[in-house]
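# Observations on the three-dimensional arrangement
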Amino acid sequence: MNSDVPSRRITLQALCDSVGVGPPEPDRLGPADWRRLAALHRECLPGSAIAALGERYAERFYRYLSDSAQEHAFLHRDARGAIDAACVLSLDPGALNCRLWRRTPLLWSLLRASGARGRRALASALSPFPGAHRYESGDGAPAVFDAPELILVFVAPGRRRRGVGRALLARARAWLREAGYRRCLARTRDHPRNRAVEFYRATGFELRGRSSRRGFQVWESGV
Ligand SMILES: CC(C)(COP(=O)(O)OP(=O)(O)OC[C@H]1O[C@@H](n2cnc3c(N)ncnc32)[C@H](O)[C@@H]1OP(=O)(O)O)[C@@H](O)C(=O)NCCC(=O)NCCS
């Protein structure tokens, strides 16, 4: 019997308790959550394609998540019950774009987005989430990174550096482990001032590759 298992569970529970997050199961999202998550997403990730597509699309994106079998959300709430952080996991990130084209008004939202923000959305995001297979490994060779991906992690500005992001990742990883997965990916902007790089490194991810064309880094860790 592996004596590590109970102590690892206690550690995860203690971590979750200490920052007030619940058990590993994903959270169910209702209409009030779609609105709150859309607003928080746009505040925390203003440069993302979803933010550039506007408030209505962001809400539709979170509404899509609420009944997706392939995407799961893990939420954190403040003392008054308001969502102040979230982590979104995709079990099939390579086909997420196809699902978004089919099940959200992506085309209409791209056409409606105007000006510089709209053009940026269009350029960076004919697909908001580039497929997980279009990347280069550390030595520049094309690589396939085929694993569940933490497609979004964000914490309200006033709640950062208190372990909330780390605890949400721990919940998502614990759920993945229970579901039989062994690895997960994360992706972030390839930019020297991007602090998310330190966050992923501190939470056990290793840099696996980059997409120079789209300016993203791909990170991987065990769960
Ligand atoms: C990245 C982010 C999710 C981190 O959430 P958080 O709750 O502040 O992170 P934690 O408190 O759990 O930090 C865990 C560790 O990551 C590292 N870290 C987190 N934020 C960091 C920062 N701004 N600078 C340097 N290291 C950082 C630290 O090592 C930290 O441990 P420590 O506080 O004990 O030193 C949050 O800053 C955020 O929402 N940023 C904007 C959105 C974003 O960039 N998301 C990631 C890409 S989708």
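Residues numbered from 1 in each chain as written. Predicted model: local features only at pLDDT ≥ 70, side-chain atom pairs only at ≥ 80, totals over all residues.

### Quick word on the overall build of the protein
Let me state the cut-off plainly: The way it works is that DSSP assigns letters per residue, a run of H or I at least four long becomes a helix, a run of E at least two long becomes a strand, and they are numbered from the N terminus. Counting other C-beta atoms within 10 Å of a residue's C-beta gives its exposure: the residue is buried at 20 or more, exposed at 12 or fewer, and partly exposed in between, where C-beta atoms are placed from the backbone. For every residue pair, C-beta atoms are placed from the backbone, and the pair is scored as a contact if these atoms sit within 7 Å.
Looking only at helices and strands, the protein has 9 helices and 8 strands in total. Here the protein holds 223 residues, and 35% of them are scored as buried. Of the contacts made within the protein by residues no fewer than 6 positions apart, 68% connect residues no fewer than 24 positions apart.

### Comments concerning the environment of Leu-176
Take Leu-176: it is sitting in helix H8 (residues 164-178). Expressed as a C-alpha distance, the spacing of Leu-176 and Pro-148, which sit 28 residues apart in the sequence, is 8.5 Å.

### Some points on the sheet that holds strand S1 (residues 71-77)
Heads up, the condition is: Note on pairing: two strands pair once DSSP finds at least 2 bridges between them. Every axis in this analysis is a line fitted to C-alpha atoms, fitted for helices over the stretch in contact. Angles between the N-to-C directions lie between 0 and 180 degrees.
Taken together, 8 strands build an open sheet; the order of strands is S1-S2-S5-S6-S8-S7-S3-S4 and the sheet is mixed. Sheet topology places S1 and strand S4 (142-143) at the edges, where each strand pairs with a single neighbour. Pairing of strand S5 (residues 149-155) with strand S6 (residues 183-189), which is carried by 2 bridges, proceeds in the parallel orientation. Each bridged residue has a counterpart across the sheet, and for Glu-149 the counterpart in S6 is Leu-185. Contacting strand S2 (83-90) and S5, helix H2 (residues 31-44) runs over the sheet at an angle of about 90° to S2.

### Topic: the site of the ligand
Under the convention used in this document: Using a C-beta atom placed from the backbone, a residue is scored as near a molecule or strand whenever that atom is within 6 Å of it. When residue character is reported, Ala, Val, Leu, Ile, Met, Phe, Trp, Tyr, Cys and Pro are called nonpolar, Asp, Glu, Lys and Arg charged, and the others, Gly included, polar.
Around the ligand, a shell composed of 19 residues is seen, among which Arg-160, Gly-165, Arg-166, Glu-198 and Ala-202 lie nearest. Among the secondary structure elements, those contributing two or more residues to the shell around the ligand are S5, H8 and helix H9 (196-202). Its residues assigned to classes, the shell around the ligand shows 10 nonpolar, 3 polar and 6 charged.

### Observations concerning the pairing of S2
Across a regular strand the side chains alternate sides, sitting on one face of the sheet and then on the other. In terms of burial, S2 is largely enclosed, as 8 of its 8 residues are buried. Here S1 pairs with S2 via 7 bridges, running antiparallel. Residue His-72 lies in a different strand from S2, and its bridge partner there is Leu-89. The hairpin formed by S1 and S2 contains 5 residues between the paired strands, and Gly-81 there has a positive phi angle of roughly 95°. One ladder, built from 6 bridges, connects S2 with S5; its direction is antiparallel. Note on S5: the bridge partner recorded for Cys-87 is Val-153.

### Re unusual backbone geometry
We note that Arg-161 has phi near 60°; this positive angle belongs to a residue other than glycine. Mapped onto the elements of the fold, Arg-161 is located in the loop between S5 and H8.

### Side note on the nonpolar core
Here is the rule: Take the buried Ala, Val, Leu, Ile, Met, Phe, Trp, Tyr and Cys residues, join any whose C-beta atoms are within 7 Å, and the set you get is a nonpolar core.
Grouped together as the largest cluster of nonpolar side chains are 47 residues, with contacts concentrated most on Ala-58, Ala-86, Cys-87, Leu-150, Leu-168 and Ala-172. Residue contributions to this core peak at 8 residues, all from H8.

### Some words on the confidence of the model for the protein
What counts, and what does not: Values of pLDDT, which run from 0 to 100, indicate the predictor's confidence residue by residue.
Per-residue pLDDT for the protein averages 84, and the proportion of residues at 70 or more is 79%. In the model, residues 1-7 has pLDDT below 50 throughout and makes 0 contacts with residues more than four positions away in sequence or in other chains.

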